[in-house]
Amino acid sequence: MTQAQLPDPEQLAARILRGERSAVASGLNLLDNKLAGARQRSAHLLAALAGERALNDGHLIGVTGPPGAGKSSLVSAMIRQWRLAGRTVGVLAVDPSSRPELGGGALLGDRIRIKNAAHDEGLFIRSLANRNQLGGVATEVWPMSWLLLACFDVVVVETVGVGQTEIDIAEIGDTVLYVAQPASGDTIQYLKSGIIEIPDIFAVNKSDLGAPAHKTASEIGRSAPRSDRRDGWDYPVCLVSATMNTGIQQLHGHFDRHRVFLADARLLGKLRTRHQSGWVLRVLKEEFGTFGIELLGGYAEIGRRLEEANQFEECERLRQHIISRFKSSD
Amino acid sequence: MDGMQTKRDRPWLMRTYSGHSSARASNTLYRSNLAKGQTGLSVAFDLPTQTGYDADNPLARGEVGKVGVPISHIDDMDQLFDQIPLDKMNTAMTINATAPWLLSLYIGLAQRRGIDPKELSGTTQNDIIKEYLSRGTYIYPPGPSMRLIADTINYTIKHVPKWNPTNICSYHLQEAGATPVQELAYALCTAMAVLDRVQASGEIKPGEFSQVVERISFFVNAGIRFVEECCKLRAFGEMWDELTLRRYQVSDPKLRRFRYGVQVNSLGLTEPQPENNVQRIVLEMLAVVLSKGARARAIQLPAWNEAMGLPRPWDQQWALRIQQVMAFETDLLEYADILDGSPVIAAKVKQLVDGARREIENVEAQGGIIAAIESGYVKRELVASHMQRLRAIESGELKIIGVNCFQETAESPLTLGSDGGIMKTDPAAEREQIERLQAHRQKRNDADVRAALQGLGDAARSGENIMPSSIRCALAGVSTGEWGDSLRAVFGEFRPPTGIDIAIDSRAVLGKKDQVTELRARVAGTGAALGRPLKLLVGKPGLDGHSNGAEQVAVKARDVGFEVVYDGIRLTPQQIAQAAEEEGVHMVGLSILSGSHMELIEAVLEELRSRDLAKVPVIAGGIIPQEDATKLAALGVSAVYTPKDFNLNAIMADMVDVIREANGLGRLGPLP
Ligand code: B12
Ligand SMILES: Nc1nc2c(ncn2[C@@H]2O[C@H](COP(=O)(O)OP(=O)(O)OP(=O)(O)O)[C@@H](O)[C@H]2O)c(=O)[nH]1
Ligand SMILES: [Mg+2]
């Protein structure tokens, strides 16, 4: 793709903020694009989208849990209710890729489970392969969810929980939902692993199965952190059934409550700023390694610089800085 | 005893699966087929009728009267059986999700003609499980669907005793790639699920349950490996006998007999050198008539031009004559079972039985066939089997004459006619059917219709048997779409797993290894040049349920490095274009085998243009005659693939080149 075909970031941002679907789609394509010219434009696009709204509006929800727990089905049920209430929804569904030596391809299978049959302009689903990136969730996920947040009321990121992803998803979402599979070894494993510290809300799905679901819920209830982690948040555990469409209203109640809690405690803006700088550091580290970070004066120095400026523009300045250093040294 | 019988056996029922354009046109065809010596009818319905939509529903566009006859209400049914005596005819209807409805129309029509439903004989296919796995005309979720099947069984046992209310199908599983063991196992699991459901309904007294078991018949396949197929049918007989005795305590051996009808394998019938299909069909048929102990009760054969398009009356006649030669000219029917006592046959049968038993246990351990469908397990097994088959064809290990070997041929005079050697359905059929339906709506009594639909909805909710209220609907003039929608409102709809999420097998199965490595490099390199990994949307627009091609293309594309989005069958052009936009794909690949490709592909292109996606290349595959492929190219379709393009590696290489060209990169050409 030549430079000329790449969209102009400022115009694109304006269209995205107006909620134009085709602009959202090309914005996501741009953020996914690794060509040098595209990376620069991506940074401009993100910078142009980084207004008040980005720090204070909308709700970004990370959904994780073991394979087959019913995450996509549950997201579908969640969407149905949001849409009934007139809220628009953007979804990023992340699936694993095959190993690079096996071609690195991926089957993106969540869409079929999430999508309701009817045509709906208020819902936008983008599937994404994790591309085998170390540390679970692909780096593209955070900027893409940032983009969706600029034009949808609720943004959901679905990822399969395999240890590291839970940690990553907590670096993205305002609220993290863990979907548990009744009576599954994965959940038990999870309870033991300490990653249980991460989710804000637990949903045991398939409550239609009866006893096993109740048992799992009480096990989680016993081991879930109480209010010791964040004062004033209760880490609720609820029972839902995606297929029977039960418990969804309560779940939504928890989402809304958590959103209000973050805002009231003045945590939302802080959380999003932290996630943003976390991503900048990750991008720099992925591209230039520890050596590049050192060149810029180390994490603390970068952190300080990011606090002062528009992070995306600053990130691009830092990149250019390293690149010029590399260039002048040969 | 020399095994010669004093009396020739009666031959099986001979049918031809047919129906097209309109009830009137199909009636003419049926009567001419009967005049040629056909002994039963086998009705092919069009896809809107099979999926519970009226002819004027937007989802039906392009599909009305295409692959079967449209039946929208009782007057259509009346026309379909004009001058055909219902009490003397044996009628098989390939109808599933809407089976209770079509059966109600048939019973309603009999009542209107003063015929006692007790005199009706025939079959409704009515097996939803294989619809989820292969055939694709499902509507409702598994729970309510199984209940509808139980309702028809419970009703016919009492009121239409000569009717076969359900035909457990393994035919369609083989057409989706199943091995003989898989066919045996999943069909028997399905039969158990149906019988268990009927038992659980409590409508049948325990003493009368063996009658229900006796009414269960099967619809199976017979492929080209005819010795093995012959053994498969003997295995079916043995296993059914044992199952009905042990699980359902049917003590009378006569009631435990495995009764089955057959359509022989069509998946292996080829587009290149289509005349070869005739010998394939004959050999496949041999498997199901050869041994008396496991002989089919009813047979329908595909035609030589199966892979080209719909058969014409003459093609169907040829298929019927094959049956007649077998039955009346050969000495086949003069002997007792000629395979009894053969140790070779017995050993093969045992091997199949053992394999099937293991797989049945496996499925039962997962909670039964329905749980194994919901989890995607069975569908994945079928997709994987089909993948193995295609890889074997690609590698040359499985020989298909005229396709991957002995390709050189003289020009076939069979395909030279002005009709291209296939049946063209009446292009005016859709419009006329809609006009008929709209006129019908005008003349019926609205109050009766409303009351009948109210009764139907009430029965659906209360759990009362659906048949009486459906028959009232039929008599009141309710339409197929109204019946379907009423139950949609109560039961909801269901989309089963696509089964393409099978593991990549990195070893031998990948086809020619070096080609795959080369393809992976091309896919990755092109993705890098474009800035992100290549992303493909595989789309199935319209009501067409033929998913094999789409599934195999999706799996192969993933294996060579594409990121693939495939949302299953029966999507609208609008849904497909929307997915293309939201997913930001590099290419849209459509698969259509139902014959509606012109209407549907044009609609997808239009939807893409309206979304500013005119630059995304569109390719198509399926049963697409050359003449249409040329027209599609003119509309902007970048490439068209048909069954003769059996080499998926070659298709993948071509797809990469289409993407490259659309993005200003040079083509890389055919694989080395
Ligand atoms: C298997 C089969 C079935 C199976 C389908 C199982 C499944 N889940 O797919 C079953 C038994 C269920 C079935 C049912 C019916 N079938 Co059928 N079926 C066939 C059959 C025998 C083979 C098709 C097949 O799967 N081939 C194997 C796959 C791998 O090949 P393929 O799809 O052609 O794909 C290849 C290429 O075309 C290309 N390709 C295809 N799609 C794509 C997409 C992309 C992106 C690319 C790159 C390439 C590509 O690449 C593939 C590799 O070679 C054909 C006849 C034939 N021999 O071709 C009839 C046929 C397609 N069926 C036909 C009919 C009418 C039906 C029914 C509608 C009958 C009825 N009235 O009920 C039903 C209903 C199905 C429905 N819901 O729509 C007709 C269609 C007539 C027409 N077009 O005019 C055919 C042609 C038979 C005939 N002559 O009558 N069928
Ligand atoms: N009984 C029951 N089954 C459910 C429920 N929700 C989902 N399922 C089933 O669980 C299976 C997996 O559902 P998905 O929604 O695809 O699960 P997922 O967690 O998104 O799966 P991956 O994305 O593959 O990890 C499917 O067979 C669903 O039908 C539920 O509430 N009850
Ligand atoms: Mg999922």
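The structure presented is a predicted model; accordingly, all values stated were derived computationally and were not measured.

Draft legend 1. How the structure looks around the overall build of chain B. In terms of helices and strands, chain B carries 25 helices and 15 strands. Over its C-alpha atoms chain B spans a radius of gyration of 25 Å, differing by no more than 12% from the 26 Å that the globule rule assigns to 672 residues. Here the C-alpha coordinates of chain B stretch approximately 70 × 70 × 55 Å along the principal axes. Taken across its 672 residues, chain B has 62% of its residues classed as buried. In chain B, of all internal contacts separated by at least 6 residues, the share reaching a separation of at least 24 is 79%. Summed over all atoms, the accessible surface of chain B reaches about 24800 Å², with 54% contributed by carbon and sulfur.

Draft legend 2. Spatial organisation of the interface of chain B and chain A. In this complex, chain B contributes 37 residues to the contact, which on the side of chain A involves 32 residues. Counting the surface lost from both chain B and chain A, the interface buries some 2900 Å², and carbon and sulfur atoms represent 48% of this. Along the contact surface separating chain B from chain A lie 6 salt bridges. Within the residue set of the side of chain B that touches chain A, elements represented by two or more residues are helix H20 (513-530), helix H21 (548-559), strand E12 (563-566) and helix H22 (573-583) of chain B. The residue makeup of the side of chain B that touches chain A, split by class, is 13 nonpolar, 10 polar and 14 charged. Sheet topology note: the strand E3 (residues 106-108) of chain A/E12(B) ladder contains 3 bridges and is parallel. Its bridge partner lying in E12(B), Leu107(A) is registered against Val564(B).

Draft legend 3. How the structure looks around the pairing of strand E6 (residues 175-180) of chain A. All names here are of chain A. In terms of residue burial, E6 counts as a mostly covered element, since 6 of its 6 residues are buried. Across the two faces of E6 the burial is the same, with Thr175, Leu177 and Val179 and Val176, Tyr178 and Ala180 all buried. Judged from the 4 bridges that link them, strand E1 (residues 59-64) and E6 form a sheet pairing that is parallel. In the strand pairing of E6, Val63 is matched with Leu177.

Draft legend 4. Region of the structure containing the site of ligand 1. Residue and element names in this part refer to chain B. Around ligand 1 sit 44 residues in total, of which Arg135, Glu306, Gly309, Gly545 and His546 are the nearest. In the environment of ligand 1, an oxygen atom lies 2.7 Å from a nitrogen or oxygen atom belonging to the backbone of Gly545. Within the backbone of Asp645, a nitrogen or oxygen atom sits 2.7 Å from an oxygen atom of ligand 1. Contributing elements (two or more residues each) for the shell around ligand 1: helix H2 (47-50), helix H5 (129-135), helix H7 (171-175), H21, strand E13 (587-592), strand E14 (618-622) and helix H25 (648-662). The class makeup of the residues in the shell around ligand 1 is 21 nonpolar, 18 polar and 5 charged. Structurally, the shell around ligand 1 is a two-domain feature, drawing no fewer than three residues from each of domain 1 (13-330 + 338-405) and domain 2 (506-662).

Draft legend 5. Focus on the sheet that holds strand E11 (residues 535-539) of chain B. The 6 strands lie next to each other as E3(A)-E12(B)-E11(B)-E13(B)-E14(B)-E15(B), forming an open sheet whose pairing is parallel. For this open sheet the edge positions go to E3 of chain A together with strand E15 (639-641) of chain B, each flanked by a neighbour on one side alone. With strand direction ignored, the average angle separating the axes of adjacent strands in the sheet is 20°. The pairing of E14(B) with E15(B) spans 3 bridges and is classified as parallel. If you follow Ile619(B) over to E15(B), its bridge partner there is Ala639(B).

Draft legend 6. Molecular detail of the domain arrangement of chain A. Residue and element names in this part refer to chain A. Taken domain by domain, chain A holds domain 1 (1-50), domain 2 (57-264) and domain 3 (266-330). With 16 residues of domain 1 at the interface, the matching set in domain 2 holds 17 residues. A buried area of about 1400 Å², summed over both sides, lies between domain 1 and domain 2, and 67% of it is on carbon and sulfur atoms. It is Arg21, Leu28 and Asp32 that lose the most area in domain 1 upon contact with domain 2, and together they represent 44% of the buried surface on that side. Viewed at the interface, domain 2 and domain 1 are joined by 3 salt bridges.

Draft legend 7. Quick peek at helix H11 (residues 276-289) of chain B. In this model, H11(B) (14 residues) spans 21 Å end to end at C-alpha, consistent with the 20 Å of a helix rising 1.5 Å per residue. A large share of H11(B) lies buried, amounting to 10 of its 14 residues.

Draft legend 8. Structural detail: the packing of helix H8 (residues 180-201) of chain B against helix H13 (residues 343-365) of chain B. Residue and element names in this part refer to chain B. For the pair H8 and H13, the least separation of the axes is 8 Å and the interaxial angle reads 50°. Considered as vectors, H8 and H13 are oriented oblique to each other. The two elements H8 and H13 meet at a crossing, and its hand is right-handed. Contact residues: Pro180, Val181, Leu184, Ala185, Tyr186, Leu188, Cys189 and Met192 in H8; Leu352, Gly355, Ala356, Glu359, Ile360, Val363 and Glu364 in H13.

Rules of the game
Residues numbered from 1 in each chain as written. Chains lettered and ligands numbered in written order. Predicted model: local features only at pLDDT ≥ 70, side-chain atom pairs only at ≥ 80, totals over all residues. Heavy atoms only, no water. Helix = DSSP H or I, 4+ residues; strand = E, 2+ residues; numbered from the N terminus. Rg over C-alpha atoms; globule rule 2.2 N^0.38 Å. Buried < 20%, exposed > 50% of the residue type's maximum accessible area, 1.4 Å probe, protein only. Contact = heavy atoms within 4.5 Å. Areas by Shrake-Rupley, 256 points an atom, 1.4 Å probe, with all protein chains shown as cover. Buried area = accessible area lost by both parts, 1.4 Å probe. Salt bridge = Lys/Arg side-chain N within 4 Å of Asp/Glu carboxyl O. Nonpolar A, V, L, I, M, F, W, Y, C, P; charged D, E, K, R; others polar. Pairing = 2+ DSSP bridges. Near = heavy atom within 4 Å. Polar contact = N/O pair within 3.5 Å; in protein donor to acceptor, adjacent residues only side chain to side chain. Domains from an automatic or database assignment. Axes fitted to C-alpha atoms, helices over the stretch in contact; angles between N-to-C directions. Expected span 1.5 Å × (residues − 1). Parallel < 35°, antiparallel > 145°, perpendicular 65-115°, else oblique. Left-handed = near helix turned anticlockwise from the far one by under 90°.

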